[in-house]
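Listed here are the chains, written in short residue letters.
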Amino acid sequence: MTGVVDIVVTGLSLGCVYALIALGFVLVFRASGVLNFAHGSFLLLGGYLVAVLRPVLGFAGALAAAAVATAAVAGAVDLLLRYGDDTRAAHVQTIATIGIDILLVTELTRRIGGDLLPLGDPWGGAVLTAGPVGIAHSRLAAIGVCALAIGAVFAAFRFTRWGLALRAAAEEPEAAALTGVRLGRVRATAWCVGGALTVLAVVFLVAFPAPGLDRTTGQVALKAFPAAILGGLASPPGALVGGLLIGLTEAAAGGYQTGLGALGEGFGDVVPYVVMLLVLLVRPSGLLGGKAAARV
């Protein structure tokens, strides 16, 4: 029973973090049609900035500064992709994000080197003990804080003018532009929000019991990509569902690793992609993705 509780809590906390990252993928895709493969480098950049700025600004100040800086970098990348030609095809911009990711990761890897950088989160190694069950405070904080952040994004998406403009631009960009929606501004804001979300996510990715930030931390975003695909790449609620499904599945695979020995020791690392493939075989548009209508 203790193992089951630990797996569930770990899975929910991982799932909420993956959902935050996947939500960034979804917002950018809805606003621009671009699959942002530089999302992992944004996550690594945000974590690096928190680690570097914390001794000067404190944890809260470093987190806020890193979120603003990472959002600005994400917005600058969007402007770079559109520079000189706003009509450049989305698939061309998607390929360009791969090159941007390589440049950012190379520079950040050079700066981090072989070090493990602590982010100085306020939960430390504290553990909540309830009978035989011990739950790290960072896990509980991840569930609560990420749930609040995801709820705030959902509320903005549903009830604000920006959310309405984003939905209109995603459905009919030409009609939205004719009604006064500034597509460039809506798109840039989505990129900035996606970048800021990665900073919040990386804090919980490298918190206890993880050892800290290293140069490979940005690769975790690749696990959130299946979460975005699973839920339906254009569906914000789907990002949450996909993230929780991937998190719980990964935690279960890790918790029952001994019983899955025949599948290999690294099965937990590939299980997000296995789940993605199995779901897409049944629902190619994702769990909450809609079927596109086409006039013939």
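As shown above, the structure is provided for reference.
Criteria and thresholds
Residues numbered from 1 in each chain as written. Predicted model: local features only at pLDDT ≥ 70, side-chain atom pairs only at ≥ 80, totals over all residues. Heavy atoms only, no water. Salt bridge = Lys/Arg side-chain N within 4 Å of Asp/Glu carboxyl O. Helix = DSSP H or I, 4+ residues; strand = E, 2+ residues; numbered from the N terminus. Buried < 20%, exposed > 50% of the residue type's maximum accessible area, 1.4 Å probe, protein only. Axes fitted to C-alpha atoms, helices over the stretch in contact; angles between N-to-C directions. Parallel < 35°, antiparallel > 145°, perpendicular 65-115°, else oblique. Contact = heavy atoms within 4.5 Å. Patch = residues over 30% accessible without salt bridge, like charges linked within 9 Å, V, L, I, M, F, W, Y side chains within 5 Å. Areas by Shrake-Rupley, 256 points an atom, 1.4 Å probe, with all protein chains shown as cover.

**Student:** Report on the pattern of salt bridges, specifying residues and quantitative values.
**Tutor:** If you walk through the whole model with that rule in mind, you get 5 salt bridges. In this structure, Arg82 and Asp78 form a salt bridge, with 2.8 Å as the shortest nitrogen-oxygen distance. Within this pair, Arg82 and its partner Asp78 are both found in helix α2 (residues 39-82), separated by 4 residues, close to a single helical turn. The residues Arg82 and Asp78 share a single accessibility class, namely buried. We note a salt bridge from Arg187 to Asp78, for which the minimum N-O separation is 2.4 Å.

**Student:** So what's going on with the packing of helix α4 (residues 137-159) against helix α5 (residues 161-171)? Which residues, and what values?
**Tutor:** Between α4 and α5, the least distance of the axes is 5 Å, while the angle of their chain directions is 70°. Between α4 and α5, the crossing angle belongs to the class labelled roughly perpendicular. Here α4 contributes Ala156, Phe157, Arg158 and Phe159 to the contact with α5, which in turn contributes Arg161, Trp162, Gly163, Leu164, Leu166 and Arg167.

**Student:** Before we move on, could you go through unusual backbone geometry and cite the residues and values that matter?
**Tutor:** Between Phe208 and Pro209 the backbone carries a cis peptide bond, its omega angle lying at 10°. Within the fold, Pro209 resides in the loop between α7 (183-205) and α8 (221-231).

**Student:** Any details on a nonpolar patch on the surface? Residues and values, ideally.
**Tutor:** Residues Val4, Val8, Leu12, Leu248 and Tyr256 make up a contiguous nonpolar surface patch of about 380 Å² in total accessible area. Top element by residues in the nonpolar patch is helix α1 (residues 2-32). It accounts for 3 residues. Locating Leu248 in the fold gives a position in helix α9 (residues 236-255).

Nothing here speaks to function; it is geometry throughout.
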